[in-house]
Amino acid sequence: MSSPASDGAPFTTDHEVFPGLDSLRALASLAVVGTHVAFWAGIYPDGLLGAMSSRLDIGVAFFFVLSGFLLGHPFLLAMAGGRRRPSTGRYFWKRALRIVPLALIVTIAALALLDQNKQADLGTWVGNLTLTELYVTGALPAGLTHMWSLATEVAFYVVLPGLMALIARLVCRRGWNPRGILTSLGVLVVLNVVWLVAIAPQRVGAGQWLPAYLSWFSVGIALAVIAIDRRRPGRDNTWSFWSTLAGQPGICWVMALALFAVAATPVGGPSLLIAPTHTEAVSKNLLYAVIAGLIVLPSVLGPASGTPYSNFLGQRILRHLGHISYGIFCIHLLVIHAVASWRDIPVFQGNGWELFALTVVITLVLAEIAYRVVERPAMRLKNAQISRSKSTPPAAASAATTHH
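Residues numbered from 1 in each chain as written. Predicted model: local features only at pLDDT ≥ 70, side-chain atom pairs only at ≥ 80, totals over all residues. Heavy atoms only, no water.

### Examining the packing of aromatic side chains
Now for step 1: Using the criterion set out here, one finds 17 aromatic pairs in the structure.
Now for step 2: Aromatic rings pair up to connect F64, W148, F156, Y213, W216, F217 and Y288 into one cluster.
Now for step 3: If you follow R95 out to its NZ or CZ, it ends over the ring of Y157, 5.1 Å from the centre.
Now for step 4: The ring centre of W342 lies 5.5 Å from the NZ or CZ of R343, which sits over that ring. (Phe/Tyr/Trp six-rings, centres within 6.5 Å; stacked < 30°, edge-to-face > 60°. Lys NZ or Arg CZ within 6 Å of the ring centre and 35° of its normal.)

See the structure below:
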């Protein structure tokens, strides 16, 4: 593990909370719902609305950036303070409690209840219940097609402790080295691009594997590096540009919306399920990374409260929607199938607004129930006695991130 910072005593910080991130998770989950409803209703090919709605899949980029920030923060905080890294066993235990129970319930429901999945064999059941089907067939069953991003995030969960240990050993061996860490993250972005260009086109489904989204996770980790380092004595000026930009959320959003408009053009590739060119795939990937980074930036480097923006994102109702966002993400596609069957809305046949309204209302109700009946009871077990490594956890950075 890294030694204490070279400029004096080990760096420490009080428990930090980033309330705006809860509300951004809510935004991300509703964006994912919106893009799937638009696809079902056949809106994608319809001019500007279709182009914009097809790019609402950027909600996944928000989730990945948030995961990079929130899960990378405790590891980086330990490096900065010269402390042992968080317990790997405890880390995996909490991650499993956060995602597994609801994911299993939704997967079983989709495979058992949807007519399109009646012929699913044992291999399909096992692959989807273990979130490994993406690596076997490259395709997912009806009602579960969105779970590719959960499988990719789980892969990030698995890799993160090893990645942080590698950075600590190779980059922070002689002390906290933020520029070295950022350079390492730049290497991951390069690997991301290489994967999209040279490897992903060679294998069905590989464009949805973890290496294809390292840039998104890296943006989140980079924000965590800056958030930690700027609190060190004498480091304020080093990151003054980013702190100043974070203090102007309106500018961040305008820049993000401008880039989103660019991503909605052919620069970001086709809106329908047509394979993009190498240039389109890389352009969309990197544009999404920057856009998500700009949106998250004010909530991690800007004021946590006391400004109109932070106070708005800190509203209880918005934060609660963020708390149930994992349920929104998991459940909504099943709801789309159910509503479409109930209201007789064939795929690609319109009625998008009706489908969206009913889907959102029903999904919110079910997500609230899932949060109270499944998610919260499961997370109460996070402090249960489990086998721990010799390392000890540092002060937490925030409440754990959810998926999308």
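### Looking at the pattern of salt bridges
Now for step 1: Evaluated as defined, the whole model comprises seven salt bridges.
Now for step 2: Linking D22 and R319 is a salt bridge whose minimum nitrogen-to-oxygen distance equals 2.8 Å. Taken together, the positions of D22 in helix α1 (residues 19–40) and R319 in helix α14 (residues 316–323) put the pair 297 residues apart, joining distant regions of the chain.
Now for step 3: Given a relative accessible area of 5%, D22 falls into the buried group.
Now for step 4: Note that E354 is salt-bridged to R343, the shortest N-O span being 2.6 Å. Taken together, the positions of E354 in helix α16 (residues 352–379) and R343 in the loop between α15 (325–342) and α16 put the pair 11 residues apart, joining distant regions of the chain.
Now for step 5: According to the relative accessible area criterion, E354 is partly exposed, its value standing at 28%.
Now for step 6: Here the salt bridges do not stand alone but share partners, grouping D22, R25 and R319 into one network. (Salt bridge = Lys/Arg side-chain N within 4 Å of Asp/Glu carboxyl O. Helix = DSSP H or I, 4+ residues; strand = E, 2+ residues; numbered from the N terminus. Buried < 20%, exposed > 50% of the residue type's maximum accessible area, 1.4 Å probe, protein only.)

### Section: the packing of α1 against α14
Now for step 1: In contact at an axis separation of 7 Å, α1 and α14 are set at 65 degrees when each is read in the N-to-C sense. Relative to α14, the crossing made by α1 is left-handed. Contact residues: P19, D22, S23, R25 and A26 in α1; L318, R319, L321, G322 and H323 in α14.
Now for step 2: Looking at the contact of α1 with α14 residue by residue, the classes come out as four nonpolar, three polar and three charged. (Axes fitted to C-alpha atoms, helices over the stretch in contact; angles between N-to-C directions. Left-handed = near helix turned anticlockwise from the far one by under 90°. Contact = heavy atoms within 4.5 Å. Nonpolar A, V, L, I, M, F, W, Y, C, P; charged D, E, K, R; others polar.)

### As for the UniProt feature "domain: Acyltransferase" (unreviewed entry) in the chain
Now for step 1: Per the UniProt annotation, the sites labelled "domain: Acyltransferase" (unreviewed entry) are residues 19–367.
Now for step 2: In residues 19–367, the share of helix is 71% and the share of strand is 0%. The end C-alpha atoms are 20 Å apart. (UniProt positions renumbered as here; feature names shortened; annotations may be inferred.)

### Side note on the confidence of the model for the chain
Now for step 1: Looking at the chain, the pLDDT average stands at 89 and 91% of residues meet or exceed 70.
Now for step 2: Confidence, expressed as mean pLDDT per element, reaches its minimum in the chain at helix α2 (residues 47–54) with 88 and its maximum at helix α11 (residues 249–263) with 97.
Now for step 3: The model gives residues 1–14 a pLDDT under 50, and that stretch makes 35 contacts with residues more than four places away or in other chains.
Now for step 4: Confidence over residues 387–404 falls short of pLDDT 50; this stretch has 66 contacts with residues more than four positions distant or in other chains. (pLDDT = per-residue confidence, 0-100.)

### Brief notes about the environment of E375
Now for step 1: Relative to the helices and strands, E375 resides in helix α16.
Now for step 2: Taking C-alpha positions, E375 is 6.9 Å from R98, a pair spaced 277 residues apart along the chain.
Now for step 3: Here the side chain of E375 touches R98 through a polar contact of 2.7 Å, side chain to side chain. (Polar contact = N/O pair within 3.5 Å; in protein donor to acceptor, adjacent residues only side chain to side chain.)

### Brief notes about α15
Now for step 1: For α15, with 18 residues, the first-to-last C-alpha span of 24 Å sits near the 26 Å given by 1.5 Å per residue.
Now for step 2: If you look at α15, its biggest bend is around 40 degrees, right at I331.
Now for step 3: With respect to burial, α15 is a largely interior element, 15 of its 18 residues being buried.
Now for step 4: Among the residues trailing α15, D344 stands out with phi positive, at a value near 55 degrees. (Expected span 1.5 Å × (residues − 1). Bend = angle between axes of the 7 residues up to and from the residue.)

### Considerations on the nonpolar core
Nonpolar side chains tend to gather and get buried jointly when the protein is soluble and globular.
Now for step 1: With 115 residues, the main nonpolar core has L76 and I181 as its most contacted residues.
Now for step 2: For this core, the element with the most residues is helix α3 (residues 58–81), which contributes 16 residues.
Now for step 3: Ignoring any residue separated from it by four or fewer positions in sequence, one finds I181 in contact with L76, M79, I167, V171, C172, W176 and V225. (Core = buried A, V, L, I, M, F, W, Y, C linked by side-chain atoms within 4.5 Å.)

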